[in-house]
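Below, each chain spelled out in residue letters.
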Amino acid sequence: MSFFSYQTAKKVLFQFNPETAHYIGGMALKALPYTPIVLKALKNHYFIKEPSLKQELFGRTFQNPVGLAAGFDKNGEYITAMPTLGFGYTEIGTITPKPQIGNPKPRLFRLKEERSIQNAMGFNNRGADFMVKRLDKLYFFDYPIGINIGKNKLTSEDDALKDYEILLHKFKTYGDYIVINISSPNTPGLRDLQNEKFIKELFGMAKEITTQPIFLKIAPDMSKEDAINLCKTAVEAGASGIIATNTTIDYSITPNAKDFGGISGALVREKSFKLFQAIGKELYGKTTLISVGGIETAEDAYRRIKAGATLIQIYSMLIYNGPKMIKEINEGLIELLKEDGYENISQAIGAYYR
């Protein structure tokens, strides 16, 4: 059964520049809630609901472990549509206190030969107040939502803590978890906040503001030792978990890279996995870990799970493969769990370390 050929749609979309193609695809996703018959039919086709994939986390039910990574739905416009693509949860943002237009265009590029994306978007979004109003209009949604937050471009490093304080207050009663983004390469000085002093101050402050689970999202370009130490510091300071990893600025991985922006997709698969595995070895069983970066198949997802991931996230590979991939990952995970004799995905998490 197939409602449309994504590969055919992709041929059309790839005739446009990437940001225009994203806008066109987004318009279709925004229209879905107004066609409830199509919405229901698509969800019945793509969404996998199976006891072996079900987990209870943060007081919410995750029907499957595959989520949409931040950056795709910057303004929370596609929340209702995401389950129709098969996602078990979604993450919106990155959201900044004030609206901002992001970096100059062009700022989004396809690396088609490598099945990857390079972006220098720069947290373009409509701001925290707009997002709160949008979330207030969501009368019902039956799957988990994460909210990814970051500082404004013009906010200095010295004032960055204030931006996160504003955002934590804004979203303390919204969504199911909050993600602190200090790892995007597209906001000047943001990655400089990946230091133990700032992390301690940030999570100490966060605990005073909200009881929401709060995650730290890290870059893939740190050494394993630095990444482990930073993640340990975050957990000790009150972080509920770690998301690894964001995009890379290691332009040596392809001769086709621009000299700015972050690379995601197939090119970062091994780099992301190796850093995640190092973090998982240290922190599995001590906190919740979410893995993202180049995941395309059930086998990719399963090794992240066995390396300690409770959940995984997809973005760039969705652009190349379409929603069929989400369904195939979940169906493949069900079979891989059976082959290993696991009744539930929770039994496979961290299997490499047992």
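As a reminder, the structure under discussion sits directly above these lines.
If you're wondering where the values come from, they're calculated on a predicted model, not measured in any experiment.

Attention now moves to the packing of aromatic side chains. This structure, assessed with the given rule, holds 13 aromatic pairs. Between F58 and F215, the aromatic rings sit 5.7 Å apart at their centres with planes inclined by 75°, giving edge-to-face as the arrangement. Separated by 157 residues along the polypeptide, F58 in the loop between β1 (55-57) and β2 (60-62) and F215 in strand β9 (residues 214-218) bring together distant segments of the chain. Taking relative accessible area as the criterion, F58 reaches 27% and is therefore assigned partly exposed. A relative accessible area of 0% means that F215 is categorised as buried. Grouping aromatic residues by their ring pairs yields a cluster made of F58, F62, Y89, Y177 and F215. Over the face of the ring belonging to F47 we find K43, whose NZ or CZ atom lies 5.2 Å from the ring centre. Cation over ring: R110 sits above F14, and NZ or CZ is 4.2 Å from the ring centre.

The biggest cluster of nonpolar side chains holds 87 residues, and the ones touching the most others in it are Y164, F171, F203, L216, I218, I279 and I314. Ignoring any residue separated from it by four or fewer positions in sequence, one finds I218 in contact with S183, Q194, A227, L230, C231, I243, A244, T245, N246, L275 and I279.

Moving on, we get to the side chain of R110. Here R110 lies in strand β5 (residues 108-111). Of the buried charged residues, R110 lacks a salt bridge, with E113 as the closest side chain of opposite charge at 11 Å. From its side chain, R110 meets the backbone oxygen of L13 in a polar contact 3.3 Å long. Side-chain polar atoms of R110 contact the backbone oxygen of F16, separated by 2.9 Å. Among all residues touching R110, those that are not within four sequence positions of it are L13, F14, F16, N17, P18, A21, S116, I117 and Y320.

The residue E196 is located in helix α6 (residues 196-209) in this model. Overall, the relative accessible area of 36% leaves E196 in the partly exposed class. Separated by 38 residues in sequence, E196 and A234 have C-alpha atoms that sit 7.8 Å apart.

Applying the stated criterion across every chain yields a total of 17 salt bridges. Here K170 makes a salt bridge to D129, at a shortest N to O gap of 2.4 Å. Linking K170 in helix α5 (residues 160-171) with D129 in helix α4 (residues 128-136), this pair joins segments that are 41 residues apart in sequence. The class for D129 is partly exposed, based on a relative accessible area of 44%. Residue E270 pairs with R303 through a salt bridge whose shortest N-O separation is 2.6 Å. Of this pair, E270 sits in helix α8 (residues 269-283) while R303 is found in helix α9 (residues 298-306), placing the two residues 33 residues apart along the sequence. On the accessibility criterion, R303 (19% relative accessible area) is buried. Taken together, the salt bridges that share partners define one network made up of R115, R269, E296 and D300.

The next point concerns the pairing of β5. Residues L108 and R110 line one face of β5 and the alternating positions F109 and L111 line the opposite face, and both faces are buried. Here four bridges tie β5 to strand β6 (residues 116-119), and the two strands are oriented antiparallel to one another. By the bridge assignment for β6, F109 is matched with Q118. Counted along the chain from β5 to the antiparallel partner β6, the turn is four residues long, and its residue R115 has a positive phi close to 55°.

Counting buried residues in strand β7 (residues 145-149) gives five out of five residues, a clear majority hidden from the surface. Every second residue of β7 is oriented toward a common face, with I145, I147 and I149 on one face and G146 and N148 on the other, all of them buried. Summarising the sheet, strand β4 (residues 89-95) and β7 pair through four bridges and their orientation is parallel. Looking at β7, one finds that E91 is bridged to G146. As defined by bridge partners, β7 adjoins strand β8 (residues 177-181) across four bridges and the pair is classed as parallel. Residue pairing across strands places N148 opposite V179, the latter belonging to β8. Handedness of the crossover joining β7 and β8 through α5 is recorded here as right-handed.

Each value, and the rule that gives it
Residues numbered from 1 in each chain as written. Predicted model: local features only at pLDDT ≥ 70, side-chain atom pairs only at ≥ 80, totals over all residues. Heavy atoms only, no water. Phe/Tyr/Trp six-rings, centres within 6.5 Å; stacked < 30°, edge-to-face > 60°. Helix = DSSP H or I, 4+ residues; strand = E, 2+ residues; numbered from the N terminus. Buried < 20%, exposed > 50% of the residue type's maximum accessible area, 1.4 Å probe, protein only. Lys NZ or Arg CZ within 6 Å of the ring centre and 35° of its normal. Core = buried A, V, L, I, M, F, W, Y, C linked by side-chain atoms within 4.5 Å. Contact = heavy atoms within 4.5 Å. Lys, Arg positive; Asp, Glu negative; His and termini not counted. Salt bridge = Lys/Arg side-chain N within 4 Å of Asp/Glu carboxyl O. Polar contact = N/O pair within 3.5 Å; in protein donor to acceptor, adjacent residues only side chain to side chain. Pairing = 2+ DSSP bridges. Right-handed = clockwise from strand over helix to strand, strands pointing away.

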